[in-house]
Amino acid sequence: MFQPRPPDAQSPHPGEWPTISVVVPTVNEAANLPYVLPRIPDWVHEVILVDGESTDGTVDVARVLLPSLRVIEQPRNGKGQALIAGITASTGEVVVTLDADGSADPAEIPAFVGALLSGADFAKGTRFVQGGGTTDMEWYRSTGNHGLKLLARALFGVRFSDLCYGYNAFWRDRVHQLALDCDGFEIETLMALRAVKAHHRITEVASFESPRVHGRSNLRTFRDGFRVLRTIVREWRLDMPVPPATVATEPDRVIVLDDVTLSAAS
């Protein structure tokens, strides 16, 4: 799937690591970027910041923190549009999507890439298996997330432990099969469900979500929850029945979807 690179002393697996693009969508995240950009491993091929008309100096701060950064402007409002623009502009063999608010740990990137190297097409972050967790989810968001997850399980025949999480990684040469076409936070759900429908091999990778460091989230629980619900129903109605996806295994970090074996209770 990729050509081995020459040995690199900074790479965790010299000669075996693919080139990696990290896509970071931003809207007024200047105060949070110092907790994110410097922690991205220096063996990453490129970091693409997709900015949504920030007014707080986000782009200037980002360029100071990471001079090699690529900056692009997203064409329309919404996280979905930001990720689609970043993925389209990426040049790495692997694409990793990473939030800019400090809630996701860039040190987990090797685990996601390792899942792909072990045979997965799509490495899906999850907060709800052993080794993962969250301290940034109110009870009503947790309840809604659980309900949406159960609906996706029932309609698509898969045992996702987490449906609405933005930390993901995938092979770039297969992303065109997902035909991504949404505007908002439902992009994570759309990616996962279309990976299922495209018969991609999906691995769930344990991830810990911390609270946003500064500022308020652009997520609106009920509005965006309804958009996720609409996405699930639409994707089910567009193409059914859908065969269960298969999943690579990694002890204590993933769940095996094809035989409904969980590494931790969900």
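Along each chain, the written sequence defines residue order, and numbers are assigned to residues from 1. Where totals are concerned, whole chains, interfaces and linings use all residues; where local detail is concerned, this predicted model gives features only for residues with pLDDT of at least 70, and gives and counts side-chain atom pairs only at 80 or more. Only hydrogens and water are removed before side-chain values are computed, so all heavy atoms of the structure are retained for them.

When you look at the side chain of Asp 51 in this model, what are you seeing that I'm missing?
Note on conventions: DSSP H or I runs of at least 4 residues are helices, E runs of at least 2 residues are strands, and numbering of each starts at the N terminus. With respect to the element layout, Asp 51 can be found in strand E2 (residues 46-51). Any pair of nitrogen or oxygen atoms within 3.5 Å is treated as a polar contact; in protein, a donor-acceptor pairing is required on top of that, and neighbouring residues in sequence qualify only through side-chain atoms on both sides. At a separation of 3.4 Å, a polar atom in the side chain of Asp 51 contacts the main-chain amide nitrogen of Glu 53. Filtering out sequence-adjacent residues up to four positions away, Asp 51 remains in contact with Thr 26, Thr 58, Val 59, Ile 72, Glu 73 and Gln 74. Throughout, a residue-residue contact means that at least one pair of heavy atoms, one from each residue, lies within 4.5 Å.

In this structure, what is going on with the packing of aromatic side chains? I would like to understand it.
To describe a pair of aromatic rings, you give the distance between the ring centres and the angle between the ring planes. Paired rings are identified among Phe, Tyr and Trp, the last through its six-membered ring, by centres lying within 6.5 Å, and are further divided according to the angle between planes into stacked (under 30 degrees), edge-to-face (over 60) and tilted (the rest). Taken as a whole, this structure holds 3 aromatic pairs when the rule is applied. Geometrically, the ring pair formed by Trp 17 and Trp 43 is edge-to-face, given 5.3 Å between the ring centres and 90° between the ring planes. Of the two residues, Trp 17 is situated in the segment before strand E1 (20-26) and Trp 43 in the loop between E1 and E2; the sequence distance between them amounts to 26 residues. For the pair shown, Trp 17 and Trp 43 are each scored as buried. Ring geometry for Phe 112 against Tyr 167: centres 4.4 Å apart, planes inclined by 20°, an arrangement best described as stacked. Of this pair, Phe 112 sits in helix H3 (residues 109-117) while Tyr 167 sits in the loop between helix H4 (139-156) and strand E7 (168-171), and the two are 55 residues apart along the sequence. Relative accessibility under 20% of the residue-type maximum defines a buried residue, over 50% an exposed one, and the middle range a partly exposed one, all with a 1.4 Å probe and only protein chains included.

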